[in-house]
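Close look at the chain arrangement
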Amino acid sequence: MLALVTVASLALQSVADTSPFRALALPTPTRVRSASGAPGPDYWQQEASYTIQATLDTATQTLRGSERVHYVNRSPDSLAFVWIQVEQNIFAANSITYTLNQPPLVFAGGVSFDFTGKGFIGGGVMEKFDVAGQPLVRRAYGTMMRVELPAPLAPGAAIDFDVAWHFPIPPYGGGRMGRIGTRLYELGQWYPRLVVYDDVNGWNPLPYIGAGEFYLEYGDYDVTLTVPAGFVVGGTGTVQNPEAVYTPEQRARLARALTSDTAVGIISRAEATAHSAQRTAGTKTWRFAAKNVRDFAWCASPDYRWDASGYHGIQINTLSRPDARPWDEAHRMAHFTIRHFSEAWYPYPWPQATTCEGLVEGMEYPMITFVPALPKREDQFWDLMHEFGHEWFPMLVGSDERRYPWMDEGFNSFIDYGAAESYFQGTAYGDTVRRELLSAAQLSALPGKEQPMIDKPVEQRDLAWAAYQKPPLMLTLLRDAVLDSATFNRAFREYIRRWAFKHPQPADFFRTMANVSGKDLDWFWREWVFTTARLDQAVDSVKAVGTDSTFVFLSNRAQMVMPVTLELGYADGTRETRALPIEMWNLGSRFTARFTTRKPVVAVTVDPARMYPDVDRSNNRWGR
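Calculation criteria
Residues numbered from 1 in each chain as written. Predicted model: local features only at pLDDT ≥ 70, side-chain atom pairs only at ≥ 80, totals over all residues. Heavy atoms only, no water. Axes fitted to C-alpha atoms, helices over the stretch in contact; angles between N-to-C directions. Helix = DSSP H or I, 4+ residues; strand = E, 2+ residues; numbered from the N terminus. Parallel < 35°, antiparallel > 145°, perpendicular 65-115°, else oblique. Left-handed = near helix turned anticlockwise from the far one by under 90°. Contact = heavy atoms within 4.5 Å. Nonpolar A, V, L, I, M, F, W, Y, C, P; charged D, E, K, R; others polar. Phe/Tyr/Trp six-rings, centres within 6.5 Å; stacked < 30°, edge-to-face > 60°. Buried < 20%, exposed > 50% of the residue type's maximum accessible area, 1.4 Å probe, protein only. Lys NZ or Arg CZ within 6 Å of the ring centre and 35° of its normal. Salt bridge = Lys/Arg side-chain N within 4 Å of Asp/Glu carboxyl O. Pairing = 2+ DSSP bridges.

1. Topic: the packing of helix H5 (residues 330-344) against helix H7 (residues 409-423)
The geometry of H5 relative to H7 is characterised by a closest axis approach of 11 Å and an angle of 120° between their N-to-C directions. For the element pair H5 / H7, the angle class is oblique. For the pair H5 and H7, the crossing hand works out as right-handed. Of the residues in H7, those touching H5 at Arg332, Met333, Phe336, His340 and Phe341 are Ile415, Asp416, Gly418, Ala419, Ser422 and Tyr423. Counted by class, the contact of H5 with H7 contains 6 nonpolar, 3 polar and 2 charged residues.

Quick look at the structure:
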């Protein structure tokens, strides 16, 4: 199988390289993945659809379920076995995560995302894994399980697995799921799931350690959840039995909300508070259905306040505990976010979007996100908006998060900055928020410390920089310095359109951006993704030639090349900005720029807007 060239095989990081413009070594195009970056005529991916019945037992804190998995082999290969994700095993006593004492993901400001269960010992119990009543031979390897098929699954054939399982629900499940006592549950990674089989790596059974997230097949879901009678449930998909789980008043409010731009209280704070004091006996069963999604998650509580509104037929929901403050603006934030991303990049493709307030620091699943209540308004917006941004990356564009978090967290963070600038437009925060990426570069892009973005997330010592901060800085400079907004936006939107509900690889992104923009960008990806190249642009000297020309002698003193923007200061006090294209470095690391002007040049500044992560600004200025 062809795979993206590894950093170790690239002789590209050497400062001695004289030409940064050599072609980037990418996999050979095929009829599956074309040279243009689009899916080829023979593109294929597997289908995994689930019919699940599960029961939440709050007395024993156990989730017990059964499922039928309909798996379609659309590959050209016969499959003798399948790999299954059993991610609750991350909390087993002998898990890789506990053995390694996996470090947390730390963000600026001290926010910490703990990948462990904080000492909770659990793990899943597989009760059954059958085909047509025949038990299959299986063996678990931590969070992955290999299952032998009764006969090879031929290309184009399908198989149905019958599975039963249960697990104890951790109070804190690796930062992505868990519970608060018996009153609030946020459940992800809760059922056995098929591992992706693709044209690049075959099976992808990379263990779930914590830092790497998910790579999943698309399919349809029919999920039945039995919970205590007083609970309200939010989940992936749409409720199929509203008459059984909603009151007539709630159904009427939901109908009104679907045509409202502002929040309609489906369960008001007062109603939620009153409900919290009640104890309802028995159980209630909720049924959800979802089409063409890569996962299913849900939240449940007897204490939820529920607001809803509509956008182009999409039902937008916010669920929170009555005392969650300052959650009052959360619904406006949610509505703005779905609308902004839909209009800026690609229309939201599913019928509803729900965000649940609770214990999880922030986590995303199809049509549903988990977000905490935060005291600072800007932080509340960022967390809520960031998790909803994941509906585009990777829920819509299904990239491999286990290998390439920069195509997931990074692309999402890039569009997040645009949303934050728009929501807080005209404020100090909105006008400056993107500049924090340069501050992050100063702290993290350090020789001997920084790692290439292409490294796997479990190998990154500074995942916050490599996955969340460097990628949006990269894309911002690609848009603003290398291309232009219109060209970049056209190419980025085309990438989303081409790979919606599919599995892109890095080469598919690189080729799409180059083909749609009409620019050779190999040099750019090499420096930003595959290396830790530094940028140091300098103005060496300035010389007047005759009465109508000025020569500005420039040099590129580090490994990274970028276009150059100059500000010329004249003797009469005026200033002028000139832009030089990337091709200026075609013949080496020195360039003489000739400017026709009769006014004496008394000052020259490189990168006057300070948009680049230039490692030495002391050489960016000449003259007074």
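Here the narrative resumes.
2. What about the packing of aromatic side chains?
If you walk through the whole model with that rule in mind, you get 59 aromatic pairs. Arranged with centres 6.4 Å apart and planes meeting at 75°, the rings of tyrosine 404 and tryptophan 406 form a pair that is edge-to-face. The exposure class assigned to tryptophan 406 is buried, which follows from its relative accessible area of 0%. Residues tyrosine 495 and phenylalanine 509 carry aromatic rings whose centres are separated by 4.9 Å and whose planes lie at 75° to one another, so their mutual orientation is edge-to-face. Taken as a pair, tyrosine 495 in helix H11 (residues 485-499) and phenylalanine 509 in helix H12 (residues 506-517) lie far apart in primary sequence, 14 residues in all. Here the basic side chain of arginine 146 rests over the ring of phenylalanine 81, its NZ or CZ set 3.7 Å away from the ring centre.

3. Comments concerning the pattern of salt bridges
Once their charged atoms are close, side chains differing in charge can pair, the charge on each being opposite to the other. Here the structure, examined in full by the defined rule, presents 36 salt bridges. The partner of arginine 33 in a salt bridge is aspartate 508, and the shortest N-O contact between them spans 2.6 Å. One end of the pair, arginine 33, is in the segment before strand E1 (47-57); the other, aspartate 508, is in helix H12, with 475 residues separating them in the sequence. Each member of the pair, arginine 33 as well as aspartate 508, is classed as buried. The salt bridge partner of glutamate 271 is arginine 253, with a shortest N-O separation of 3.0 Å. Here arginine 253 lies in helix H3 (residues 248-257) and glutamate 271 lies in helix H4 (residues 269-276), a separation of 18 residues in the sequence. We classify glutamate 271 as partly exposed; its relative accessible area is 34%. Judged by its relative accessible area of 15%, arginine 253 falls in the buried class. If you follow the salt bridges from partner to partner, you end up with Glu87, Arg193, Asp295 and Arg402 in one network.

4. Brief notes about the side chain of serine 309
Assignment of secondary structure puts serine 309 in strand E23 (residues 305-311). Ignoring any residue separated from it by four or fewer positions in sequence, one finds serine 309 in contact with Ala257, Ser260, Asp261, Thr262, Ala263, Ile314, Gln315, Ile316, His331 and His335.

5. Examining the sheet that holds strand E29 (residues 549-556)
Strand pairing in a sheet takes place through backbone hydrogen bonds and is either antiparallel or parallel in direction. Taken in spatial order, the 3 strands line up as E28-E29-E32 in an open sheet, and their pairing is antiparallel. Unpaired on one side and paired on the other, strand E28 (537-545) and strand E32 (590-596) mark the two borders of the sheet. Across the sheet, the mean angle from the axis of one strand to that of its neighbour is 20°, orientation sign disregarded. Here 8 bridges tie E28 to E29, and the two strands are oriented antiparallel to one another. Pairing of valine 542 across the sheet is with valine 552, part of E29.

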